[in-house]
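# Remarks on the overall topology
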Amino acid sequence: QVQLVESGGGLVQAGGSLRLSCAVSGIISRANTMGWYRQAPGKQRELVASISSGDRTNYGDSVKGRFTISRDNGKNTVYLQMNSLKPEDTAVYYCNVQDRRINSWGQGTQVTVSS
């Protein structure tokens, strides 16, 4: 079984920063991708950022230059550093891990950016 436990969500003012963490437990393949997705009310889930086991990264257009994804393989943890936050970043953020056999999701953590 694979479990993802998220932390770091909360309320922050526009222009501020927040760091999300997601700790992954269980056995996953060496070749894998970890990422963050978000979903706002009435909107479809969208990719925020992803990072492969080879450290290749992808970012959604709306967060490029503001967010940074990273991973600590020794701790099996993926991070999302969010800077210059905007009210439109408000959403539930979901952690995800994919490999050749599994596609697992965290429970979601609320990020609210006030103006």
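Computed from a predicted model, the values in this text were never measured in an experiment. (Residues numbered from 1 in each chain as written. Predicted model: local features only at pLDDT ≥ 70, side-chain atom pairs only at ≥ 80, totals over all residues. Heavy atoms only, no water.)

Here we take up the environment of Glu 88. Position of Glu 88 among the secondary structure elements: in the loop between strand E8 (77-82) and strand E9 (91-98). The exposure class assigned to Glu 88 is exposed, which follows from its relative accessible area of 56%. Through-space distance from the C-alpha of Glu 88 to that of Ser 62 is 9.5 Å; in sequence the pair is 26 residues apart. (Helix = DSSP H or I, 4+ residues; strand = E, 2+ residues; numbered from the N terminus. Buried < 20%, exposed > 50% of the residue type's maximum accessible area, 1.4 Å probe, protein only.)

Summed over the entire model, instances satisfying the criterion amount to 4 salt bridges. Its salt-bridge partner being Arg 38, residue Asp 89 comes within 3.0 Å of it at the nearest N-O pair. With Asp 89 in the loop between E8 and E9 and Arg 38 in strand E4 (residues 33-39), the pair connects residues that are 51 residues apart, well separated along the chain. The buried category is assigned to Asp 89, whose relative accessible area is 0%. When the shortest N-O distance is used, the salt bridge between Arg 66 and Asp 89 registers 2.8 Å. (Salt bridge = Lys/Arg side-chain N within 4 Å of Asp/Glu carboxyl O.)

Among the structural elements, Ser 50 can be located in strand E5 (residues 46-52). Judged by relative accessible area, Ser 50 falls into the buried class, the value being 9%. Each residue touching Ser 50, except ones within four places of it in the same chain, is listed here: Thr 33, Met 34, Gly 35, Arg 56, Thr 57, Asn 58 and Ile 69. (Contact = heavy atoms within 4.5 Å.)

So, on to the nonpolar core. Trp 36, Leu 80, Met 82 and Tyr 93 are the most contacted members of the largest nonpolar core, which has 27 residues in total. Contributions of two or more residues to this core are made by strand E3 (18-25), E4, E5, strand E7 (67-72), E8, E9 and strand E11 (109-114). (Core = buried A, V, L, I, M, F, W, Y, C linked by side-chain atoms within 4.5 Å.)

Turning our eyes to something else, we now look at the pairing of E7. Taking every second residue as pointing to the same face, the buried face of E7 carries Phe 67, Ile 69 and Arg 71, while none of Thr 68, Ser 70 and Asp 72 on the other face is buried. Examined bridge by bridge, E7 and E8 share 6 bridges and lie antiparallel to one another. Residue pairing for E8: Ser 70 is matched across the bridge by Tyr 79. (Pairing = 2+ DSSP bridges.)

Bringing the state of the cysteines into the picture now. Counted according to the given criterion, the structure contains 1 disulfide. Between the sulfur of Cys 22 and that of Cys 95 lies a disulfide, 2.1 Å long from S to S. Note on the Cys 22 and Cys 95 pair: the S-S dihedral is about -90°, so by sign convention the disulfide is left-handed. Of this pair, Cys 22 sits in strand E3 while Cys 95 sits in strand E9, placing them 73 residues apart in sequence. With respect to burial, Cys 22 and Cys 95 carry one shared label: buried. (Disulfide = S-S within 2.5 Å.)

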